[in-house]
Every structure is written in C-alpha cells, then in structure tokens.
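This is what each chain is made of:
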Amino acid sequence: MTRSLSGLFKRIVIVGNGPVRPGVAHAIDSADIVIRFNEAVIIPEMTGSKTDILFLMNSGKSMQARLETPSYWQEPFVRDAKEIILPYHPSIVRQYHPRPNLLSRLKGRKADWTAETLKKVQALGKKTTVLSAEFYYETCRILDISTSDFSKVFPSSGVLAIRYVIETLGTDSTRVEFCGFSWQGWKRHSWGNEQHWVDEQIQQGRIFPLV
C-alpha cells in the first residue's frame, strides 16, 4: 500500500453520505484529515468542503458510471483529495461480488473495475491504496460474517474506512470522529453488526461521534 499522507494527526473526521446535524461544518473542515466516500455530499455550510482522502467503491455499475462520466473527476471532493483508497481488493471482487448477467456483460458490464480506476486516478497524479484481502477477511470476522455468506453479505466501505483509520492512520493521541452514518441502505451490508462494532469502538474510546 502506498501513502501520500503521513505524520501525526490530532483529529481525523470520517464523513459518510448520510445526514449530518447542523453546525458541524467548521469542525469537519478544521480536522487534520477529512475522509469522504464515492459521490460525497458537499454542502459547505452543512458538511464542510474539505476532502483529503476519498474512499471509492471499485466494483459494480456505480464505478463503471463514474469512469464513463468525465464531470465526476472534476467534482471538488475528487479534485481536492490527496489520496484515493479502493476498499475492495480485486481478488475479493472476483471471488465474491455479484456478477452481471450475460446480457449486461455483452454491454460491457463487469464486477471488477480496479485496474481502470487505478489507471484513472494515477493519471490525475493522486496516490492510491488498495486495501488488502487479509484486511477484508479480518473485517468479516469482526462482523461475524461467516465464510458461507461471503457471496451474500459484504462489509460496507464505511466500516472498512473506520477500521482502516483507527488501525492505520490514528495514534494514541489522535481523535477520530465520524458523522453522516445512518447504518441503512444496501441490503447486502450487515448494518446491525456494523453499528454494534462501531458502538464498541466508541465505548473503548477509539472513535467518537462528531458533536
């Protein structure tokens, strides 16, 4: 994995794409590192506007659409990001992610867009990180996702990002905060288990809701 961001960070804020409470924009933008996701919601007076790291889902129709939409790569959250992290290792995508049907494949659809995404991001001069397959498997274990369900249930990019930040970017003196997480959405994520794990991290003082 390559990194473009290094050093000791006092505050890291992870901003999901769900609603955030009013009055947190300055607290977000004043963090040392701000992390966002995919089609990040940027309303400066509500969500702040800073983006240092963008987690970008690298599989499925949504990634194909981004690659085929030039304007996406001009969005401020892409333009400003110093590093883009792909949460799903290509071996995980190939082995477990849903495959398009035959008709969709004939139209150019596929599950894994990692190579194309890396090429695009590197052409923009940005650093990239692909999370390892081992990191994914360990996250599944933490969330009690059994091996028999690996093709049915997938850790969300949000929970992968939270774990990555806590274990990789943060130190004992780093305050990691989060907002904009609703713990609902795609039916193939284990939202209840993810929220329970995050609650445990809050109780242990490893991450804090942004208030």
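Up top you'll find the structure we're talking about.
What you see as residue numbers is a count from 1 along each chain, following the sequence as written. Given that the model is predicted, a residue must reach a pLDDT of at least 70 before its local features are reported, and side-chain atom pairs must reach 80 or more before they are shown or counted; all residues, however, enter totals for whole chains, interfaces and linings. Heavy atoms throughout the structure, all of them, feed into the side-chain values; hydrogens and water do not.

Caption draft 1: Structural context of the packing of aromatic side chains. When the centres of two rings from Phe, Tyr and Trp lie within 6.5 Å, Trp using its six-membered ring, the rings pair. Their planes under 30 degrees apart give stacked, over 60 give edge-to-face, and anything left gives tilted. Inspection of the entire model under this criterion finds 14 aromatic pairs. For the ring pair F37 and F55, a centre distance of 5.7 Å and an interplane angle of 40 degrees mean the geometry is tilted. One end of the pair, F37, is in strand β2 (residues 33-37); the other, F55, is in strand β3 (residues 53-55), and 18 residues separate them in sequence. Three exposure classes are used, based on accessible area relative to the maximum for each residue type with a 1.4 Å probe and protein chains only: buried under 20%, partly exposed in between, and exposed over 50%. For F37, a relative accessible area of 4% puts it in the buried group. For F55, a relative accessible area of 0% puts it in the buried group. The interplanar angle of 35 degrees and the centroid separation of 5.4 Å between the aromatic rings of F181 and W183 together place this pair among those described as tilted. In this structure an aromatic cluster arises from ring pairing among F37, F55, F135, Y164, F178, F181 and W183. The side chain of R163 reaches across the aromatic face of F135, ending 4.1 Å from its centre. Counted as over-ring charges are cases with an Arg CZ or a Lys NZ within 6 Å of the ring centre that also lie within 35 degrees of the ring normal. Positioned above the aromatic ring of F208, the side-chain terminus of R175 is 4.0 Å from the ring centre. Under the scheme used here, helices are H or I runs from DSSP no shorter than 4 residues and strands are E runs no shorter than 2 residues, and both carry numbers assigned from the N terminus.

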